Amino acid sequence: MENVLRPLIVIGGSVVLTLVVGWLADRLLRRVDARHHETPLWGLLRRCRIPLRLVLLTAILRGSYGAIKWGPVQEHKAGLGQILTLVLIGASAWLVVRIATAVVESSFSRYATSTRDPARVRRVRTQVTLIQRVVSAIVAVVAVASMLLTFPAMRAAGTSLLASAGILGIVAGVAAQSTLGNLFAGLQIAFGDMVRIGDTVVVDGEWGVVEEITLTFLAVRTWDERRLTMPVSYFTSKPFQNWSRGGAQMTGTVFFHLDHSAPLPLMRERLALILKECPAWDGRDFSLAVTDTTPSTIQVRAVVTAKDADDIWTVRVTVREQLVAWLYAEHPYALPRITTGEARPAARPAVEDERP
């Protein structure tokens, strides 16, 4: 009877103690979060409930499973201890990653609410994302190494591995040269403020918005919902256009080829009316002027502004469409015309009669 009750007491007591401690920690975080709404850290730490309970349960079982005198447990005592140790290391790494993520996200949220400059917010967001990925990678590597060192064979081989670490490092560096290059390029992009998440860029002739930045690649979402995945080393070795550098506001142009008799003052008044009815126009500036002439037409340029690349495209197409429609309806003479003449047969040249 004792052999049956002891395992139940140990396992049941561990589960109950884990649930109680986890409930108390969650209740404490909930109260602190209710009192301090300006700090999102406490609410984000509540996401650590599951890994915290797993760490507590595994730690309690790891320390108390030896008290179980049940035959099957005693026969596989070493194996159970090894499994509990591996689970404890993995759960601890999971908990550390969750806590680090909560701290990083809380810091970014407080910075984003206190800063009005969108460019700085995007820069900090990019840096925070890469820092979070670096921390997760380091924790994962340390956890895997700790798991491997729990095996006696790996501990015995540790001395020889350390002795040959220099040679292995050189070989690994040569073999993973491209990967390491992308890794350092990712860090350079994050802290060099070259490109940020949300920036509008033109890469290899494609226009799009930076959607994701990792330590090895960068994803750009194009206007037609395609994703361009490019190595981050591309942005440190080749030129590219960043339309959001220094601010997201943009100035766009619309060109018209019209007749010399086009009513320019009326076109300026119509352009102002079109922009007032266009929600994408930010109201900063607009203008209309003749920029070139040819023997048959003049080139008219309309300059408009918007808050970002998406809105400037909307403003440009709206101005082009409505202004051309207005000219066609109200001033058709202003549209370019091609003058043609009546076709006449050419006179046949006189040729002397060479017949005998």
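Keep in mind it's a predicted model, so treat the numbers as computed, not measured. (Residues numbered from 1 in each chain as written. Predicted model: local features only at pLDDT ≥ 70, side-chain atom pairs only at ≥ 80, totals over all residues. Heavy atoms only, no water.)

Quick word on the overall build of the chain
In plain terms, the rule: By definition, any uninterrupted DSSP run of H or I lasting at least four residues is a helix, any uninterrupted run of E lasting at least two residues is a strand, and each is numbered from the N terminus. Should any heavy atoms of two residues lie within 4.5 Å, those residues are considered in contact. The Shrake-Rupley method, run with a 1.4 Å probe sphere, supplies the accessible areas, and residue values consider only the shown protein chains as cover.
Check the secondary structure of the chain and you find 13 helices and eight strands. The long-range fraction of contacts in the chain, counting pairs at least 24 apart against all pairs at least 6 apart in sequence, stands at 65%. Only carbon and sulfur atoms are counted for the fraction: they give 62% of the accessible area of the chain, which is about 22400 Å².

Digging into the sheet that holds strand β8 (residues 298-306)
Our working definition: When DSSP finds at least two bridges between two strands, those strands are taken to pair. Note on method: axes are straight lines fitted to C-alpha atoms, helices fitted across the in-contact stretch only, with angles between N-to-C directions ranging 0 to 180 degrees.
Spatial strand order, β6-β8-β7: three strands in an open sheet with antiparallel pairing. On the outer flanks of this sheet lie β6 (250-258) and β7 (281-293), each paired with one strand and no other. Taken over all neighbouring pairs, the strand axes of this sheet differ in orientation by 20° on average, direction set aside. Note that β7 and β8 share eight bridges and pair antiparallel.

Digging into the side chain of T297
Worth spelling out the cut-off: Accessibility here uses a 1.4 Å probe with only protein chains present; expressed as a share of the type maximum, an area under 20% marks a residue as buried, one over 50% as exposed, and anything in between as partly exposed.
Structurally, the position occupied by T297 is in the loop between β7 and β8. A relative accessible area of 13% places T297 in the buried class. When sequence neighbours within four positions are dropped, the list of residues in contact with T297 reads H257, L258, H260 and P336.

Section: the nonpolar core
To keep it simple, the criterion reads: Throughout this description, the term nonpolar core refers to a set of buried Ala, Val, Leu, Ile, Met, Phe, Trp, Tyr and Cys residues connected via side-chain atoms within 4.5 Å.
In terms of nonpolar packing, the biggest core is built from 27 residues, with F256, L258, M267, L288, V300, V315 and V319 touching the most fellow members. Of all the secondary-structure elements, those providing two or more residues to this core are β6, α12 (264-276), β7, β8 and α13 (309-330). With seven residues, α13 is the largest single contributor of residues to this core. Leaving out residues up to four positions away in the same chain, M267 has contacts with L258, A262, L288, V300, L323, W326 and L327. In terms of nonpolar packing, the next biggest core, distinct from the first, is built from 14 residues, L130, V201, L218 and Y234 among them.

Section: the pairing of strand β3 (residues 217-222)
Of the strand pairs in this sheet, strand β2 (residues 206-213) and β3 are connected by five bridges, and their pairing is antiparallel. The residue bridging E212 from the neighbouring strand is A219, located in β3. Of the pairings in the sheet, the one linking β3 to strand β4 (residues 227-231) comprises five bridges and is antiparallel in character. Among the inter-strand pairings, V220 is bridged to a residue of β4, identified as L228. Connecting β3 to the antiparallel partner β4 that follows it, the hairpin turn spans four residues, and E225 within it adopts a positive phi of roughly 70°.

Some remarks on the packing of α12 against α13
Keep this limit in mind: Orientation categories follow fixed angle ranges, with anything under 35 degrees roughly parallel, anything over 145 roughly antiparallel, 65 to 115 roughly perpendicular, and all other angles oblique. Take the far helix as the reference: if the near one is turned anticlockwise from it by less than a right angle, the crossing is left-handed, and if turned clockwise, right-handed. Each residue receives one of three labels: charged for Asp, Glu, Lys and Arg, nonpolar for Ala, Val, Leu, Ile, Met, Phe, Trp, Tyr, Cys and Pro, and polar for the others, Gly being one of them.
At a closest axis distance of 10 Å, the pairing of α12 and α13 adopts a crossing angle of 135°. In terms of axis orientation, α12 runs oblique to α13. Once α12 is placed against α13, the crossing between them reads as right-handed. Residue-level inspection shows L266, M267, R270, L271, I274 and L275 of α12 in contact with α13, the latter providing V315, T318, V319, Q322, L323, W326 and L327. By residue class, the composition of the contact of α12 with α13 is 10 nonpolar, two polar and one charged.

Looking at the sheet that holds strand β5 (residues 241-242)
Within a beta sheet, neighbouring strands are joined by backbone hydrogen bonds and run either parallel or antiparallel to one another. Pairing within the open sheet is antiparallel, and its five strands lie in the order β4-β3-β2-β1-β5. Both outer strands of the open sheet, β4 and β5, are each paired with one neighbouring strand and no more. Here strand β1 (residues 200-203) runs beside β5; their pairing, made up of two bridges, is antiparallel. Residue pairing for β5: V201 is matched across the bridge by N242.

Re the packing of aromatic side chains
This is how it is decided: Any two of the Phe, Tyr and Trp rings considered here, Trp counted by its six-membered ring, make a pair once their centres fall within 6.5 Å; the pair's planes then place it as stacked at under 30 degrees, edge-to-face at over 60, or tilted in between.
Within the structure shown, the criterion is met by one aromatic pair. Measuring from centroid to centroid gives 6.0 Å for W281 and F286, while their planes differ by 80°, and the two rings are edge-to-face. On the basis of relative accessibility, which here comes to 31%, the residue F286 falls in the partly exposed class.

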